[in-house]
Amino acid sequence: MNDSKYIYLDNAATTPMDPRVIEEVRKHLRETYGNPSSLHSVGQKAGQILLKSREMIALLINSKRDDIFFTSSGTEADNIAIFGVASKNKERGNHIITTSIEHHAVENPYKELEKRGFKVTFLSVDKYGLINTEDLENAITKKTILISIMFANNEIGTIEPIKEIGEIAKTHDIIFHTDAVQAFGKIPIDVNEMNIDLLSASAHKLYGPKGVGMLYIRNKGVREGWGKFIEPIMYGGGHERDMRPSTVNVPGIAGFAKAAELAKEEMEEEARRQIKLRDKIIKWVTENIEDSYLNGHPTKRLPNNVNLGFSYVEGESIVLDLDMEGIATSTGSACSSKSLDPSHVLLAIGLKPEEAHGSLRVTVGRFITEDDVNYFLEKLPPIIERLRKISPLKKGVEYVFDKNNNHY
Ligand SMILES: *Cc1c(COP(=O)(O)O)cnc(C)c1O
């Protein structure tokens, strides 16, 4: 396999670093080795890079600079938001509202909170993956302390009505957290206009380094009528103003900031370009391959996300065959793609287990060209045709599923 020829259509799982970001990280790996907590000038220089990075990231979501807290990942940001608000406000209430299609980094913390005595409402979604804001209103009780709803879904790309949700959270004076890992840098986000109190993002989903993330915390975690509404989940040195102690990864953060700056500069043009590629794939496949369909919403979706269903084939087999042709894709989220369970997101939008098993996620990105898309569209049909010939799943046959939703 020639790396330079490999067509990477799995940009929702992670992205290759932009060469301009690599340059930035390399520079700071060499020069900015200080610990920002140190008093000496090497430490202070690192502190200045950290401040500037905070500022650059804040620009992308229209937040105050000091409301940005760096973390080691999107998952860590989600965990700080969720456990931090839950434990700080357990006297106030033990009810939390989220959705049935969250990333595992949100879903699993809530499952853990249920074990610890919290009541969690997992809102269902429609066939496009959209929540119903009336359902949200109806789920709110006097004990509700937190609403977590993802900005955009990592598997099917659906963009939730975040502004309306923020409005509802504000009206009822409830903290609103959104996992914006997939949306950050791809579509406009304004934490003020959208009334977002907590927002998680991650560098490696936007051509930055892995292992760097951030949590936006409105007004540094102080709210009228609540006082401090979040507390740390880790204790140590005073880094990131106690919210995330441990020596900060300054070169990684500088890379994250560079990635955010590039994303901001190029957002409009890139979104337009990627939507064209996205819609070309959707149109071509659904028109030319029999028994194929689109998962997710036709227009309220991320510019880079395509999720296709193919009846009578296993998504895993399609991914492996495409890989042999030098094309990277996915069957769902990277975390679930190694297990045989069908995606909880695809089940939540109403797909049958056998349908969920036949899904293919194709996510374009900054380095994907129209030629790459054409190559993919040339390689895909014979693969589907071959797999359908050898598939045990056939048109017009009913299948039995075991408790793990695997058919036999
Ligand atoms: C990737 C992802 C995460 C996890 O981010 P990491 O930085 O990999 O921990 C969380 N939420 C969503 C929606 C994601 O796509």
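Within any chain, residue numbers begin from 1 and follow the written order of that chain's sequence. Predicted model: local features are reported for residues with pLDDT of at least 70 only, side-chain atom pairs are reported and counted for 80 or more only, and whole-chain, interface and lining totals are derived from all residues. The basis for the side-chain values is all heavy atoms of the structure; hydrogens and waters are excluded.

K.L.:
What is the right way to look at the overall build of the protein in this model?
P.N.:
Strands here are runs of E lasting at least two residues and helices are runs of H or I lasting at least four, both read from the DSSP assignment and numbered beginning at the N terminus. When its secondary structure is counted, the protein shows eleven helices and 14 strands. All radius of gyration figures rest on C-alpha atoms, and the globule criterion is 2.2 Å times the number of residues raised to 0.38. Against the 2.2 N^0.38 benchmark of 22 Å for 408 residues, the protein shows a C-alpha radius of gyration of 22 Å, consistent with a compact globule. Overall, the C-alpha framework of the protein stretches about 65 × 50 × 30 Å when taken along its three principal axes. Looking at the protein as a whole, 57% of its 408 residues qualify as buried. Sequence-distant contacts in the protein: of pairs separated by 6 or more residues, those separated by 24 or more amount to 73%. Note on classification: 1.4 Å probe, protein chains only; a residue is buried when its accessible area is under 20% of the maximum for its type, exposed when over 50%, partly exposed between these limits. Any two residues having at least one pair of non-hydrogen atoms within 4.5 Å are treated as being in contact.

K.L.:
How should the nonpolar core be read in this particular structure?
P.N.:
Soluble globular proteins tend to pack their nonpolar side chains together in the buried interior. In terms of nonpolar packing, the biggest core is built from 66 residues, with Ile147, Phe151, Phe184, Ile189, Leu199, Met214 and Phe256 touching the most fellow members. Broken down by element, the residue count for this core peaks at ten residues, all from helix α7 (residues 250-288). Domain boundaries shown here were taken from an automatic or database domain assignment. Composition of this core by domain shows at least three residues from each of domain 1 (7-15 + 267-390) and domain 2 (19-261). In this structure Ile147 touches Ile97, Leu136, Ile140, Ile165, Ala169, Ile174, Ile175, Phe176 and His177, once residues within four positions along its chain are discounted. Nonpolar cores are built from buried Ala, Val, Leu, Ile, Met, Phe, Trp, Tyr and Cys residues. Side-chain atoms within 4.5 Å join them into one set. Among the nonpolar cores identified, the runner-up in size contains 26 residues, and Val306, Val319, Val364 and Leu380 belong to it.

K.L.:
What is the right way to read the confidence of the model for the protein from this model?
P.N.:
For any part of a model where pLDDT is low, the fine detail of the predicted coordinates should not be relied upon. Here the protein shows a mean pLDDT of 94. Residues at 70 or above account for 94%. What pLDDT expresses is the predictor's confidence in each residue, scored from 0 to 100. Counted against residues more than four places away or in other chains, residues 333-337, with its pLDDT under 50, gives eleven contacts.

K.L.:
Looking at this model, I keep getting lost on the sheet that holds strand β11 (residues 292-294). Mind explaining?
P.N.:
Either a parallel or an antiparallel arrangement is found when strands of a sheet pair, and the pairing is made through backbone hydrogen bonds. At least two bridges found by DSSP between two strands is the condition for calling them paired. As summarised here, the arrangement of the three strands in space is β11-β12-β14, forming an open sheet in which the pairing is antiparallel. Pairing within the sheet leaves two strands with one partner each, and these edge strands are β11 and β14 (359-363). Going across the sheet, the axis of each strand differs from the next one's by a mean of 25 degrees, ignoring polarity. Direction of pairing for β11 relative to strand β12 (residues 305-310): antiparallel, over a ladder of three bridges. Within β12, the position partnered with Leu294 by the bridge is Leu308. The convention used is that axes are lines fitted to C-alpha atoms, helices contributing only their stretch in contact, and that angles between N-to-C directions extend from 0 to 180 degrees. α7 contacts β11, β12 and β14 of the sheet and is inclined by roughly 10 degrees relative to β12.

K.L.:
Explain the domain arrangement of the protein to me, please; I cannot follow it from the model alone.
P.N.:
Where interface size is quoted, it is often the accessible area lost as the parts come together. According to the domain assignment, the protein consists of domain 1 (7-15 + 267-390) and domain 2 (19-261). In this structure, domain 1 and domain 2 have C-alpha centres spaced 28 Å apart. On the side of domain 2, 35 residues touch domain 1, which itself brings 33 residues to the contact. Throughout, buried area stands for the accessible area (probe radius 1.4 Å) lost by two parts on being put together, summed over both. For the pair domain 1 and domain 2, the summed buried area comes to about 2800 Å², and 59% of that belongs to carbon and sulfur atoms. We define a salt bridge as a contact between a side-chain nitrogen of Lys or Arg and a carboxyl oxygen of Asp or Glu at a distance within 4 Å. Where domain 1 packs against domain 2, one counts zero salt bridges. Contacts described as polar in this section are N or O atom pairs within 3.5 Å, which, within protein, must combine one atom able to donate a hydrogen with one able to accept it, while residues neighboring in sequence count only if both atoms come from side chains. Linking domain 1 to domain 2 there are 14 residue pairs in polar contact (both at pLDDT 80 or more). Listed by contribution, the elements that provide at least two residues to the side of domain 1 that touches domain 2 are α7, β12 and α9 (344-348). Among the elements that take part in the side of domain 1 that touches domain 2, α9 stands out by supplying four residues, more than any other.

K.L.:
Mind showing me how you'd approach the pattern of salt bridges here?
P.N.:
Side chains bearing opposite charge may pair, as long as their charged atoms lie close to each other. If you walk through the whole model with that rule in mind, you get 25 salt bridges. A salt bridge links Arg278 to Asp279; the nearest nitrogen and oxygen atoms lie 2.8 Å apart. Note that Glu325 and Lys379 form a salt bridge whose closest N and O atoms lie 3.6 Å from each other. One end of the pair, Glu325, is in the loop between α8 (315-324) and β13 (327-328); the other, Lys379, is in helix α11 (residues 370-390), with 54 residues separating them in the sequence. Classification of Glu325 by relative accessible area gives partly exposed; the value is 31%. Each of Asp18, Arg20, Glu266 and Arg366 takes part in one network of salt bridges that share partners.

K.L.:
How should I be thinking about unusual backbone geometry in this particular structure?
P.N.:
Phi is mostly negative for residues that are not glycine, and the peptide bonds are mostly trans. The phi torsion at Asn219 lies on the positive side, around 50 degrees, for a residue other than glycine. Along the polypeptide, Asn219 turns up in the loop between β8 (213-217) and β9 (222-223). The phi dihedral of Lys220 falls on the positive side, at around 55 degrees, and the residue is not glycine. Of note, Lys220 is situated in the loop between β8 and β9.

K.L.:
Explain the pairing of strand β3 (residues 95-99) to me, please; I cannot follow it from the model alone.
P.N.:
Sheet faces and side chains relate simply in a regular strand, where the side chains alternate between the two faces. The element β3 is extensively covered by neighbouring structure, given that five of its five residues are classed as buried. Taking every second residue as pointing to the same face, both faces of β3 are buried, with His95, Ile97 and Thr99 on one and Ile96 and Thr98 on the other. Bridge analysis of β3 against strand β4 (residues 119-123) gives five bridges, and the strand direction is parallel. Its bridge partner lying in β4, Ile96 is registered against Val120. With the strands pointing away from the viewer, any crossover whose connection runs clockwise from the first strand over the helix to the second is right-handed. As a crossover connection, the stretch from β3 through helix α4 (residues 104-115) into β4 is right-handed. Alignment of β3 against strand β5 (residues 144-148), held across three bridges, turns out to be parallel. Along β5, the bridge assignment pairs Ile97 with Ile147.

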